[in-house]
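Analysis of the macromolecular model
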Amino acid sequence: MISFVIRPLTLRDADQAYALLRDSFSMPGEYQDMLDNLSNPITRALGLFDGETMIGYGAFWLLMEEAHVTHVAIHKNMRRQGLGNKMMAALIQHASDCGARFMELECRRGNEAALSMYHKLGFLRVGFKKNYYPDTNEDAVVLALISLPAPNEENDPFLTQE
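Throughout this description, residue numbers start from 1 for each chain and increase along the sequence as written. Thresholds applied to this predicted model are a pLDDT of at least 70 for local features of residues and 80 or more for the giving and counting of side-chain atom pairs; totals over whole chains, interfaces and linings are not thresholded and use all residues. Hydrogens and waters are ignored; side-chain quantities use all the structure's heavy atoms.

1. Considering the sheet that holds strand β1 (residues 5–8)
Note on pairing: two strands pair once DSSP finds at least 2 bridges between them. Each helix is a run of DSSP H or I of at least 4 residues and each strand a run of E of at least 2, with the numbering of both proceeding from the N terminus. Strand order in the open sheet formed by seven strands is β1-β2-β3-β4-β5-β7-β6, and the pairing between neighbours is mixed. The open sheet has two edge strands, β1 and β6 (124–133), and neither has a second partner. Mean inter-strand twist for the sheet, computed between neighbouring axes without regard to direction, equals 25 degrees. Bridge count for β6 against strand β7 (residues 138–145) is six bridges, and the pairing is antiparallel. Bridging across to β7, Y133 finds its partner in E138. The contact rule is simple, with two residues in contact once any of their heavy atoms fall within 4.5 Å. The convention used is that axes are lines fitted to C-alpha atoms, helices contributing only their stretch in contact, and that angles between N-to-C directions extend from 0 to 180 degrees. Set on the sheet, helix α1 (residues 14–24) makes contact with β2 (43–50), β3 (53–63) and β4 (66–74); between it and β3 the angle comes to about 90 degrees.

So this is what it looks like as structure tokens:
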């Protein structure tokens, strides 16, 4: 059985994280966006690693009590193995550990695999954004997870300990 490690990302991980985004999304943004996000104090980013190779990436912005998921990506050769679920579970717990009380995200209306995963994780459809994705004018489904697990504050690597 392969053993995966999930850990917080730093700027040293930007190349691998951006490569995953570029391979997973039609609009990955610019490389500088990745650098800016990884150095932004409101961004929490996790990587799923097989050894030194990043096979999953997930990030959210911590906005007061909301964790707004910005990206979740799994390497194309590693999909359909439950790794997206593993990445999301880690993001959900990390959001709780960081003080979030709920999580929100947008998903392409046509991405049934992702929508099914989010539903199984407890996300509710709370709205739509018409023509949200400019590359295809596809609508976004807005999803929210209104009950996060109990926090483990000692697991927050961004917390300053005195």
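2. Overview of the packing of aromatic side chains
Only the six-membered ring of Trp is used, alongside the rings of Phe and Tyr, when aromatic pairs are assigned; centres must lie within 6.5 Å, and planes under 30 degrees apart are stacked while those over 60 apart are edge-to-face, with the rest tilted. Applying the stated rule across the entire model yields three aromatic pairs. Ring geometry for Y18 versus Y31: centroids 5.6 Å apart, planes at 80 degrees, classification edge-to-face. A residue pair is termed long-range when its members are at least 10 positions apart, and Y18 in helix α1 and Y31 in helix α2 (residues 31–39) qualify at 13 residues. Ring geometry for Y132 and Y133: centres 5.0 Å apart, planes at 90 degrees, overall edge-to-face. Any residue under 20% of the maximum accessible area for its type is buried, any over 50% is exposed, and the rest in between are partly exposed; the area is computed with a 1.4 Å probe on protein chains only. Relative accessible area serves as the criterion here: at 36%, Y132 is assigned to the partly exposed category. Charge-over-ring contacts are defined here by two conditions on Lys NZ or Arg CZ: a distance within 6 Å of the ring centre and an angle within 35 degrees of the ring normal. One residue, R108, lies across the ring of Y133, its end atom 4.1 Å from the ring centre.

3. Details of a nonpolar patch on the surface
Two distance rules govern patches: like charges are joined within 9 Å, and nonpolar side chains (Val, Leu, Ile, Met, Phe, Trp, Tyr) within 5 Å, applied only to residues with over 30% relative accessible area and no salt bridge. A 1.4 Å probe and the Shrake-Rupley method give the accessible areas. Residues count as covered only by the protein chains that appear here. Every case where a carboxyl oxygen of Asp or Glu lies within 4 Å of a side-chain nitrogen of Lys or Arg is listed as a salt bridge. A cluster of nonpolar side chains, namely I42, W61 and L63, defines an oily patch on the protein surface of about 210 Å² accessible area. Locating I42 in the fold gives a position in the loop between α2 and β2.

4. A look at unusual backbone geometry
With a phi angle near 60 degrees, M64 is a residue other than glycine that sits in the positive phi range. Inspection of the secondary structure assignment puts M64 in the loop between β3 and β4. Its identity is not glycine, yet R80 carries a phi of approximately 65 degrees, on the positive side. For R80, a relative accessible area of 77% corresponds to the exposed category.

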